[in-house]
Amino acid sequence: MDMIKIGKFLCELRKEQNLTQEQLGEELGVSNKTISRWETGTYLPPVEMLQLLSDKYGVSINEILSGERLEGEENYKEKAEENIKTALNKSVFTIKDQENYFHKKWLKDHRFELIVEIIVLTAIAVLGAIFYHPITIAASILCIVWFGFTYNRMRTYIEGHLYEDKKPEDDKTENE
């Protein structure tokens, strides 16, 4: 998909309707800046907006994504296949991208807790080095176990979001 071509096509369609960017934005519930970004090819309209634009302009979503009116059934099918392949290749997060996103989100959401854990672990380690008492050794081990528990919670959160469509009942069925 050529976003510049799509943008120019959206601009042509808007002008055919004798609408300003501001008027179209009001109708769709977005700003005129958003319309401008679509028409310059900076951004592609989200899926729900593609449907509204398709209805408004009397063209198919496939034609919008092709950046031109499509004539003939063969040309239409060919462009549809090309648009689907391009959309899938460009818009899908890889599992690694999703994992990184949820990892950063979890760290951000649990920042205070992690800072407290690091401070406590450091304090216990320093006290253990200074006093070398069995209680500080036990406390150090407890902190390491707690850190492992926290890490496990983080991984559970990440994997739960990565594979959220897989329910725990599915695991039981597979193992039986």
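These remarks concern the structure in this document. (Residues numbered from 1 in each chain as written. Predicted model: local features only at pLDDT ≥ 70, side-chain atom pairs only at ≥ 80, totals over all residues. Heavy atoms only, no water.)

1. So, the environment of Lys96
One can find Lys96 in helix 7 (residues 95-109). For Lys96 and Leu162, which are 66 residues apart along the polypeptide, the C-alpha to C-alpha distance reads 9.7 Å. (Helix = DSSP H or I, 4+ residues; strand = E, 2+ residues; numbered from the N terminus.)

2. Describing helix 3 (residues 32-40)
Since the α-helix packs 3.6 residues into each turn, any two residues three or four apart lie on the same face. All of the buried residues in helix 3 are Ile35, Trp38 and Glu39. Seen end-on, helix 3 carries its buried residues on one side only, within an arc spanning 95 degrees. Contact partners of the buried residues in helix 3: helix 1 (3-16), helix 2 (21-28) and helix 4 (47-57). Directly beyond the C-terminal end of helix 3, a positive phi value near 85 degrees is found at Gly41. (Buried < 20%, exposed > 50% of the residue type's maximum accessible area, 1.4 Å probe, protein only. Arc of directions from axis to C-beta. Contact = heavy atoms within 4.5 Å.)

3. As for the pattern of salt bridges
Side-chain pairs of opposite charge can arise where the charged atoms are in close proximity. If you walk through the whole model with that rule in mind, you get 8 salt bridges. Salt-bridge contacts for Lys56 lead to Glu27; the nearest nitrogen and oxygen are separated by 2.9 Å. In this pair, Lys56 sits in helix 4 while Glu27 sits in helix 2, placing the two residues 29 residues apart along the sequence. Overall, Lys56 belongs to the partly exposed group, its relative accessible area being 28%. Judged by relative accessible area, Glu27 falls into the partly exposed class, the value being 48%. We note a salt bridge from Lys105 to Asp109, for which the minimum N-O separation is 3.1 Å. One end of the pair is Lys105 and the other is Asp109, both in helix 7 and 4 residues apart, which spans about a single turn. Among the charged side chains, a network of salt bridges with common partners joins Glu99, Arg155 and Glu159. (Salt bridge = Lys/Arg side-chain N within 4 Å of Asp/Glu carboxyl O.)

4. Regarding the packing of aromatic side chains
Counted under the stated rule, the structure contains 3 aromatic pairs. Taken together, a centroid distance of 5.0 Å and an interplanar angle of 75 degrees make the contact between Tyr101 and Phe102 edge-to-face. Taking the relative accessible area as the measure of exposure, Phe102 reaches 15% and is therefore buried. Judged by centre distance (6.4 Å) and plane angle (80 degrees), the rings of Phe102 and Tyr157 are edge-to-face. Placement of Phe102 in helix 7 and of Tyr157 in helix 9 (residues 134-162) is noted, with a sequence separation of 55 residues between them. Aromatic rings pair up to connect Tyr101, Phe102 and Tyr157 into one cluster. (Phe/Tyr/Trp six-rings, centres within 6.5 Å; stacked < 30°, edge-to-face > 60°.)

5. Considerations on unusual backbone geometry
Despite not being glycine, Asn18 shows a phi value in the positive range, around 55 degrees. Tracing the backbone shows Asn18 in the loop between helix 1 and helix 2.

6. Topic: the packing of helix 7 against helix 9
At a closest axis distance of 9 Å, the pairing of helix 7 and helix 9 adopts a crossing angle of 135 degrees. By the angle between their axes, helix 7 is oblique relative to helix 9. As for how helix 7 packs across helix 9, the hand of that crossing is right-handed. Within the contact between the two elements, helix 7 uses Ile95, Gln98, Glu99, Phe102, His103, Lys105, Trp106, Leu107 and Asp109 and helix 9 uses Thr150, Arg153, Met154, Arg155, Tyr157, Ile158, His161 and Leu162. (Axes fitted to C-alpha atoms, helices over the stretch in contact; angles between N-to-C directions. Parallel < 35°, antiparallel > 145°, perpendicular 65-115°, else oblique. Left-handed = near helix turned anticlockwise from the far one by under 90°.)

7. Comments concerning a nonpolar patch on the surface
Together, Val126, Leu127, Ile130 and Phe131 line one region of the surface with nonpolar side chains, adding up to about 400 Å² of accessible area. Relative to the elements of secondary structure, Ile130 occurs in helix 8 (residues 111-131). (Patch = residues over 30% accessible without salt bridge, like charges linked within 9 Å, V, L, I, M, F, W, Y side chains within 5 Å. Areas by Shrake-Rupley, 256 points an atom, 1.4 Å probe, with all protein chains shown as cover.)

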